[in-house]
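The lines below spell out each chain.
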Amino acid sequence: MKQNANRFTASLFVTLIFGFSFLFFALPDHSFSEQENRSLRTLPRFGMEKLISGEYSEQINDYFADQFPARDWFVGIKGTMEILLGKGENNGILLGKNGQLAQRLFDVRRSDGGVITDTDGFDREAVKIAVEGINRANKALDVPFSVLLTGRTIDVTASSFAYPAAFGEELRAIVKDALNPDVSYIDTIPLLAKKHSAGESVYYQTDHHWTTRGAYYAYCEVMRSFGMGDAILPEDAFDRKTVSQAFYGTAWSAGGMKFVSPDTIEFWLKGNEDSFLVTADGKAIDGFYSYGYLDQKDQYSAFLDGTHDVVTVTKADGMPRPKLLMLKDSFANSLAPFLAQHFDLVLLNLSSVRTDYTNVSEYAASIQADRVLLVYTLENVIGATKLQKLR
Amino acid sequence: VVFSSLIFLFAYLPLTLLCYYIVPKAWKNAVLFLFSLLFYAWGEPIYLFLMIASITCAYLFGLLIERYKKTDRKKAGRVMIASVTLTLSFLIFFKYYHFVADNLSLLPGIGLPKLAWLTLPIGISFYTFQIISYTVDVYRDECAAQKNYVAFGTYVTLFPQLIAGPIVRYSDVDRDLCDRRETVMLFSEGAVRFTCGLAKKVLLGDMLAAGYEYYKGLSLFAPTALGAWMTVILFSLHLYYDFSGYSDMAIGLGKMFGFRFPENFNYPYISRSITEFWRRWHITLSTWFREYVYVPLGGNRRGKGRQYFNLAVVWLLTGLWHGASWNFLLWGIYYCVLLIVEKAFLFRLLKRMPAFVGHFYTLFLVVIGFLIFSYTDFTQGINCFEALFGIGCQGFSHATATYQFLRLLPLVCIAAVGATPLPKRCFARLTKGNHGILLSIFCGIAILLSVAYLVDSTYSPFAYTQF
């Protein structure tokens, strides 16, 4: 009896170890993970130098994890386990009411230059230094400058979570306090938070961006702060078209909670979309919306063709309009189509790793911008290094 | 390579097992030796040569000692000392050079070259101690010198214990090295033990580590008393699960290849005194220091004063062994003082107290000890210590610290209960000893869950391999 049990244990162990090993080597490799929206590590090329530096073994380790049989299934098992353990979150992604997901842990920059990974705190001094950059740019610019710091999902959808909002509130208070009074600050967070509580979908449930409806409300706020409230296009001026019902965003990928259902994406079409010329990094693109992305995982990239350094919007017939320079991150991509109804746009990707756009006053002068608008996420205020360099 | 990596579990391990079990008996050590070198080279290709040099020297010195010890004991002693000095000098140079150079550079007029290329070779603290135990055991006639280079190399490099112990004394495995029998029973015991260790490390250790990192980061922005307690408690639990899990895996792997390694942990957190704690925590290290430092210095046979001096030497070395940094030295002194106080009177006093007093006393001091252990930055360590008692922080707690506390509470409770013999006892009573099949199924599930966590985290290095 005892001997049989031992045989069973030993063979189960051997079967599992050898079974997965066999599957790993027998199954073909994948070069891309749809679910995680990233390239997977493929078999690294061997090199003596790489072996000695330890790089080769690191790459092989990544290769093993990335190509492991049933990888997506295992990731889902882990996500489900964490929820069953009562943690209410996985990999720093909170699970809230109605399947709302929100990232709560971020990488935070410290004022001494260090970085704390995966924290929900923030360094007060570093935040003040970042805001000082905004004040500096405001002083250096001789055209009106407006600042829209977009909320993180957790700031706007706080009512869906048991997670305390104290840190987010403190962060926003510090930012407001540190901004010079003559900076035109557009605070969309209270309005969007109210809309969210009322059941409107203003931020995606599975992604960190605002929805087109959220972007529309932000557009109204921006117009009002420009003193152009009368020109705001009403909701029913747009044909609100659902273009995707299967959008699994960044929070869904990171959270590994497979049971959460996908988002829908709307395009709000005015009907005059063909009359604009949109260029990205110097080349004309399909207009505001690149439908091709809707068949892929990264569907938010359908707005303004995803990430580019410079995007411009003008009227196709060349008729000049007031020029708005937007210094921005990806939130601006779904906001820009609304503003393009009133302005010629130049969008600069402030987070670009290729080009540094922090000298905003010089750039604004060189393109003779009539206005400058900063659209930047609070996540970047606490984590990125760009704001503090603005001038 | 660490054991809790997918490449170890599903490439290295099956390949090693396969080769080991198909070759004839005479080649088995050679297979283990080669695969162990491969295991080491995987993470540390350059320092492989350092390790081979250490092994070769110790091997040759061992033969010399063997030759002299029958004719000229004195000469044998000198050879033994030469061998130990040489082996130790490798450890001292590679482990403490930066520490010594950095601190000397604070003095005016003294400057040692920086040597930026110098990094700590993985496992050097562990294999150096094994080599020393061999040399001394041969000299003391506790075993004969190993004439077979491959067998000796296998002893030092044996991959289950190579990079984080247990520290196996040569005399413990002398017989197993050349004459061991692999059986189904030993293999299945080993598989269960290995799986337990894997689950301890991956399912609990890594999760506790994440909680610890979180609170440590949070305390830099918004320190609270609760946060400070969580930092030190999570670190203490994490270190236990990480390290004892690793030892379980090592012992389990050893059994799969027919070796019986000594135990390294015996529920340290149920101790009722610091003396008892050190009989249950990292047992093979304490044993090593007792056998090769404390007893040779005279132990407790030369009066109280000498005994305290010997203890001080042992604990300064134990502290430094854990890392080249002042906080480890302080940690050693801390335990030295506690153990001397217990020896003087407290141990007898504690024995007469109710059990809970001893438990509370021990856990509190151990947790404070790990606070010293975990902060190489003194200022941060002192801030954390003060925060434990509500000094210099934002009160007892704030909403975010409380939220995280409630979220981690189930994990901490599971980990705390798991650090006692209770789960094992319950399992034994539940199944009334007839637990073969059920145990196997648990193991299968544990492996699958561990794989799920590993695939998700991609890779998580061991905490204890830096020492």
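Criteria and cut-off values
Residues numbered from 1 in each chain as written. Chains lettered and ligands numbered in written order. Predicted model: local features only at pLDDT ≥ 70, side-chain atom pairs only at ≥ 80, totals over all residues. Heavy atoms only, no water. Pairing = 2+ DSSP bridges. Helix = DSSP H or I, 4+ residues; strand = E, 2+ residues; numbered from the N terminus. Expected span 1.5 Å × (residues − 1). Bend = angle between axes of the 7 residues up to and from the residue. Buried < 20%, exposed > 50% of the residue type's maximum accessible area, 1.4 Å probe, protein only. Contact = heavy atoms within 4.5 Å. Salt bridge = Lys/Arg side-chain N within 4 Å of Asp/Glu carboxyl O. Axes fitted to C-alpha atoms, helices over the stretch in contact; angles between N-to-C directions. Parallel < 35°, antiparallel > 145°, perpendicular 65-115°, else oblique. Left-handed = near helix turned anticlockwise from the far one by under 90°. Nonpolar A, V, L, I, M, F, W, Y, C, P; charged D, E, K, R; others polar. Buried area = accessible area lost by both parts, 1.4 Å probe. pLDDT = per-residue confidence, 0-100. Patch = residues over 30% accessible without salt bridge, like charges linked within 9 Å, V, L, I, M, F, W, Y side chains within 5 Å. Areas by Shrake-Rupley, 256 points an atom, 1.4 Å probe, with all protein chains shown as cover. Polar contact = N/O pair within 3.5 Å; in protein donor to acceptor, adjacent residues only side chain to side chain.

Residues and elements named next belong to chain A. Pairing in this open sheet of 3 strands is antiparallel, and the strands run β3-β4-β5 from one edge to the other. Looking at strand neighbours, the two that pair on one side only are β3 (89-90) and β5 (101-103), the edges of this open sheet. Where strand β4 (residues 93-95) meets β5, 3 bridges bridge the pair, whose relative direction is antiparallel. Directly across from L94, in β5, lies its bridge partner A102.

A separate point is helix α17 (residues 399-418) of chain B. Between the first and last C-alpha of α17(B) there are 29 Å, a value that for 20 residues agrees with the 28 Å anticipated at 1.5 Å per step. At B:L408, α17(B) is deflected by roughly 45 degrees, the largest bend along its length, and proline B:P410 occurs up to four residues later in sequence. Looking only at α17(B), the buried set comprises B:T400, B:A401, B:Y403, B:Q404, B:R407, B:L408, B:L411, B:V412 and B:A415. As for α17(B), its buried residues are in contact with β3, β4 and α7 (166-178) of chain A together with α9 (184-221) and α10 (225-256) of chain B.

Below, the discussion takes up the pattern of salt bridges. Per the stated rule, a full pass over the model turns up 37 salt bridges over all chains. We note a salt bridge from B:R407 to A:E89, for which the minimum N-O separation is 3.5 Å. Taken together, the positions of B:R407 in helix α17 and A:E89 in strand β3 put the pair across two chains. Across this residue pair, the class does not change: B:R407 and A:E89 are buried. With a shortest N-O distance of 3.9 Å, A:E200 and A:K195 are connected by a salt bridge. The class of A:E200 is partly exposed, set by a relative accessible area of 26%. Overall, the relative accessible area of 22% leaves A:K195 in the partly exposed class. Where salt bridges share partners, they join A:K195, A:E200, A:R213, A:E235 and A:R240 into one cluster.

Time to look at unusual backbone geometry. One can expect most non-glycine residues to show negative phi and most peptide bonds to be in trans. Residues and elements named next belong to chain A. The backbone of N98 sits at a positive phi, close to 55 degrees, despite the residue not being glycine. By the secondary structure assignment, N98 is in the loop between β4 and β5. When its relative accessible area of 70% is taken as the criterion, N98 is described as exposed.

For the rest of this paragraph, the subject is the packing of α9(B) against α17(B). Residue and element names in this part refer to chain B. For the pair α9 and α17, the least separation of the axes is 11 Å and the interaxial angle reads 155 degrees. Taken together, the axes of α9 and α17 lie roughly antiparallel to each other. Judged by the sense of rotation from one axis to the other, the crossing of α9 with α17 is left-handed. Counted together, L204, M207, L208, G211, Y214, Y215 and L218 of α9 and T400, A401, Q404, F405, L408, L411, I414 and A415 of α17 form the full contact between these two elements. Across the contact of α9 with α17, the residue classes break down as 12 nonpolar, 3 polar and no charged.

Okay, the interface of chain A and chain B next. Every contact between the two is made by 55 residues of chain A and, on the other side, 54 residues of chain B. Taking both sides of the interface into account, the surface hidden between chain A and chain B amounts to around 5,000 Å²; carbon and sulfur atoms contribute 73%. It is A:F13, A:I17 and A:K87 in chain A that bury the most area against chain B; as a group they hold 13% of the surface buried on that side. Linking chain A with chain B are 2 salt bridges. When the shortest N-O distance is used, the salt bridge between A:K78 and B:D456 registers 3.1 Å.

So, about the confidence of the model for chain B. Residues and elements named next belong to chain B. For chain B, mean pLDDT is 88; residues scoring 70 or higher make up 97% of the total. Predicted confidence in chain B is weakest over helix α18 (residues 422-431), with a mean pLDDT of 82, and strongest over α10, with 94. Here residues 459-467 is a poorly scored stretch, pLDDT under 50, and it has 38 contacts once near neighbours within four places are set aside; other chains count. For this predicted complex, the interface confidence score (ipTM) comes to 0.84, while the overall pTM stands at 0.89.

Attention shifts here to a nonpolar patch on the surface. Residues and elements named next belong to chain B. Residues L316, I333, V337, V341, F345, L349 and M353 make up a contiguous nonpolar surface patch of roughly 540 Å² in combined accessible area. In terms of residue count, helix α14 (residues 326-352) provides more of the nonpolar patch than any other element does, 5 residues in total. In this structure, F345 sits in helix α14. With relative accessibility at 46%, the residue F345 sits in the partly exposed group.

Our focus in this paragraph is the side chain of A:S160. All names here are of chain A. With respect to the secondary-structure elements, S160 resides in the loop between α6 (153-156) and α7. A residue is classified by how much of its surface remains accessible, and S160, at 11% relative accessible area, is buried. One polar contact links S160 to H196, side chain to side chain, over a distance of 2.8 Å. What S160 contacts, discounting residues up to four positions off in sequence, is G96, K97, Q100 and H196.

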